[in-house]
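Architecture at a glance
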Amino acid sequence: LACLSARPGFAATDDQRAREIVDRADRLLRGESSVGTVTMEISTVNWQRTLTMQIWSLGTDNALIRINKPEKEAGTATLKVGNNIWHYLPKVNRTIKIPSSMMTASWMGSHFTNDDLVKDSRLIRDYSIAISFEGERQGTQVYEFTLTPRPEAAVVWGKIILEVRQADLMPTWQRFYDEEGKLVRELTLSDYKMMGGRFVPTRMVVRPVDKPGEQTMIRYDDLAFDVAISADTFSLRNLER
Amino acid sequence: MSVFKMAWRNVWRNERRSIVTILAMTLALCVELLYSGLVTGYLRGMEDDVLDLEVGDIQVFARDYLDKPSLYTAIEDPYALLAQLSAMGYPASVRLLGGGLAAADGFSAGVALRGVDVAQDAKVTLLGAKVADGTWLDPADLHGVVIGRRLAKTLEVKPGDEVVILSQAADGSMANDLYTVRGVLMGVADATDRSALFMNAGAFRELMVFPAGAHQIIVRRPDDVELEAAAATVKSHAGTLTVKTWKELMPVVASMLESTQGLILFVFFIIYVAVGILILNAMLMAVFERIREFGVLKALGMGPLHVVSLILVESAIQTGIAVVAGVTLALPAMWYIGNVGINVGKLGGMSAMGLAMRPVWYGIYNVGTFSGPLVMLVLIVFLAVLYPACKAAWIRPVEAMRHQ
């Protein structure tokens, strides 16, 4: 009887704690501002390629990505301001705005979409969170959370399941489901390191379920948080620099 | 007295009734003649547009391309098949297909890239003649492109303006280059108008890093080969490739053309039934008014067949006059519709079933569009007059003469 009466109290604190853990994992790689170098390896059934790029971000609204390699595409840049994306194409010296109809198209041939860059989705704001597993998996104590969108949230996923290590609260994987509950893609995080003064996963692999054998890997080569970046960095003028 | 002479006199004994009957036939014939030519012209124009501007007669694809179009699902060696087809008298041309983004001065839109071999393509489509503004592709101008008219509106470009094309090349790299709009097409078909961007095959290969192969082969059949037979011939040379006739590629359009034909016959039928009833009525009146007269004729020894032929000749005379009058009246209108056409004005370029309507609607007049209405008219008149003729022929003289 004591157990039963104690349960609601536990659930309430658990829920609060679940929200904190998920929010922490969600914000791990986000600072007020950040500058970093990223390597992206894309593998499709038809080709494989590796891109290196410089990334600047300020808040959740502004981001600038400039490609350094391969040579052929060096200088190509993507600017995100709010919900808009522009590409700068050095070969033709033109900037083009991505129309809303192309937001679900692939970004730079990767398995990320333009939407992934733009969507400012705070997990704890848009989803209600429940612990769906707590215990040992493959020798590691983990939590598994199931996130379901709040009725008013404008999000693309029908459900997200994510796993976090209990010891250091590092996220290990996230699975994204569509509205019919079908697994659409899987994100795996690994190679946890100190970088820019934070302990973060530095390697992320996204695998689309409908394209077996394909994946995009992102690796942070260096990353600095909360550095001074002027808002002018995220202007069309600077994009065409 | 000859049957003809008697019939002629009978026809003009009740002038008013005969003239009304003749007028009804004349009007019906006129309407049917113009209508049949107009509809034939409309259907033929539509079919020609579908075939000449969009699909050709037959198309060849790599297997699975139609289910899941992809830059990588290509016919590996299209030119070998092309050579075989042209040796048999089947003009054919390759098309390279891809998707991308076109942008011009702040406007951008998704486009369907279509790489064409300009010289070869002219043998299978008339697209080159459908440029409303500017000029068609030139093999020497690798950076010139021609776009659909609604795409031109979306991008707010006209010939001479620049567009940037952004896509993903076959090697995964970012395909982008700057092109100049050479021409804007007239209304062709919905998909083409909205999103098509035609470029030289060579320019496509360079942009998309796509050195060999093709996604589509458009084939025309020789005039004397039926569509199905032509498709079978192409199939026999195509190996594992997918071969489709235009009817399979555009089943909605094909079935619409067929059902429209059925509809025309139905409307024909209704008009003729109306004319038939009118003629039946007129002839019944003519016979029953003269029933005592027929009784007298029979009493004088005229055989039933003689009476039947008399009535048939009477209606033949009326029909003959109606045919001459109807054709005479219809001819100038037919000439006008066939040669000058009806300017549908604002309707031109509007589309039905994804096909743009031609700005000028021409009728087609040939033996078929003439003979149909003529034969139908004669047949209906014959059927309508048969009953009263028989009635008069086999009436008993005593009854007939007592008839009030």
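All figures in this text were calculated on a predicted structure; none of them were measured in a lab.

This part takes up the overall build of chain A. Within chain A one finds four helices and 13 strands. Once the C-alpha set of chain A is aligned to its principal axes, its extents read approximately 75 × 40 × 35 Å. In chain A, which comprises 241 residues, the proportion classed as buried is 47%. Pairs at least 24 residues apart make up 44% of the contacts formed inside chain A by residues separated by at least 6 positions. As displayed, chain A has an accessible area near 12,300 Å², and 51% of this comes from carbon and sulfur atoms.

Quick look at the overall build of chain B now. For chain B, the count of helices and strands is 14 helices and 14 strands. Computed over the C-alpha atoms, the radius of gyration of chain B is 31 Å, more than 25% above the 22 Å expected from 2.2 N^0.38 for a compact globule of 404 residues. For chain B, the C-alpha atoms occupy an extent of roughly 105 × 45 × 30 Å along the three principal directions. Counting the 404 residues in chain B, one finds 49% classified as buried. Here chain B displays about 18,800 Å² of accessible surface, and carbon together with sulfur accounts for 63% of that area. The centroid of the 32 positive side-chain charges in chain B is displaced by 16 Å from the centroid of its 36 negative side-chain charges.

Further remarks concern the pairing of strand β7 (residues 174-185) of chain B. Residue and element names in this part refer to chain B. Along β7, 10 of the 12 residues are buried, which leaves the element largely enclosed by surrounding structure. Pairing geometry for strand β4 (residues 131-134) and β7, over three bridges, is antiparallel. Note on β7: the bridge partner recorded for Val131 is Leu185. Two elements, strand β6 (residues 162-168) and β7, share seven bridges in a ladder whose sense is antiparallel.

Another aspect to go through is the nonpolar core. Leu113, Ile147, Leu197, Met199, Ile217, Val219 and Trp246 of chain B are the most contacted members of the largest nonpolar core, which has 62 residues in total. Apart from the residues lying within four places of it in its own chain, the contact partners of Met199 of chain B are Leu113, Arg114, Gly115, Val116, Leu137, Gly144, Val145, Tyr179, Phe204 and Leu207 of chain B. Of all hydrophobic cores here, the second largest spans 54 residues; its members include Ile96, Leu123 and Leu223 of chain A together with Met174 of chain B.

Moving on: the side chain of Asp23 of chain A. Its place among the elements puts Asp23 of chain A in helix α1 (residues 2-27). Beyond its immediate stretch of four places on either side in the chain, Asp23 of chain A contacts Arg122 and Ile124 of chain A.

Here chain B averages 84 in pLDDT, while 95% of its residues score no lower than 70. Two summary scores accompany this predicted model of the complex, namely pTM at 0.73 and ipTM at 0.79.

As a further point, take the interface of chain B and chain A. Of the residues lining the interface, 20 residues belong to chain B; the matching set on chain A comes to 19 residues. At the boundary of chain B with chain A, the tally comes to seven residue pairs in polar contact (both at pLDDT 80 or more). Of all the elements in the fold, those that place two or more residues in the side of chain B that touches chain A are β2 (92-104), β3 (107-116), β6 and β7 of chain B. In terms of residue class, the side of chain B that touches chain A is built from 10 nonpolar, seven polar and three charged.

Turning to the packing of helix α2 (residues 15-55) of chain B against helix α12 (residues 304-339) of chain B, a few remarks are in order. Axis angle and axis distance: for two packed helices, these are the angle between their axes and the distance between the axes, and together they describe the pair. All names here are of chain B. It is at 8 Å that the axes of α2 and α12 come closest, and there the two elements cross at 35 degrees. For the pair α2 and α12, the sense of crossing is right-handed. Taken together, the residues of the contact of α2 with α12 break down into 17 nonpolar, six polar and no charged.

Quick notes on the rules
Residue numbers here run from 1 along each chain, matching the order of that chain's written sequence. Chain A is the first chain written and ligand 1 is the first ligand written, with later ones labelled in order. In view of the model being predicted, local features appear only for residues whose pLDDT reaches at least 70, and side-chain atom pairs are presented and counted only at 80 or more, with totals across whole chains, interfaces and linings using the full set of residues. Computation of side-chain values covers all heavy atoms of the structure but excludes hydrogens and water. Here a helix means four or more residues in a row that DSSP labels H or I, a strand means two or more in a row labelled E, and each is numbered from the N terminus. When accessible area is computed with a 1.4 Å probe and restricted to protein chains, residues below 20% of their type maximum are described as buried, those above 50% as exposed, and intermediate ones as partly exposed. Residue contacts are counted whenever heavy atoms from the two residues lie within 4.5 Å of one another. For every accessible area listed, the method is Shrake-Rupley and the probe measures 1.4 Å; residues are considered covered only by the protein chains on display. Radius of gyration: C-alpha atoms only; globule rule: 2.2 Å multiplied by the number of residues to the exponent 0.38. By the counting scheme adopted, Arg and Lys are positive, Glu and Asp are negative, and His together with the chain ends is not counted. Taken as the charge location is NZ of Lys, CZ of Arg, CG of Asp or CD of Glu. Any two strands between which DSSP finds at least two bridges are classified as paired. Here the nonpolar core consists of buried residues drawn from Ala, Val, Leu, Ile, Met, Phe, Trp, Tyr and Cys, with membership extended through side-chain atoms lying within 4.5 Å. Values of pLDDT, the confidence the predictor places in each residue, fall between 0 and 100. What qualifies as a polar contact is a pair of N or O atoms within 3.5 Å, subject to a donor-acceptor requirement within protein and to the restriction that residues adjacent in sequence count only when both atoms come from side chains. When residues are grouped by polarity, Ala, Val, Leu, Ile, Met, Phe, Trp, Tyr, Cys and Pro land in nonpolar, Asp, Glu, Lys and Arg in charged, and all others, Gly among them, in polar. Lines fitted to the C-alpha atoms define the axes, with helices restricted to the stretch that makes contact. Angles between their N-to-C directions range from 0 to 180 degrees. Helix crossings get a hand from a simple test, with the near helix turned counterclockwise from the far one by less than a right angle marking a left-handed crossing and a clockwise turn marking a right-handed one.

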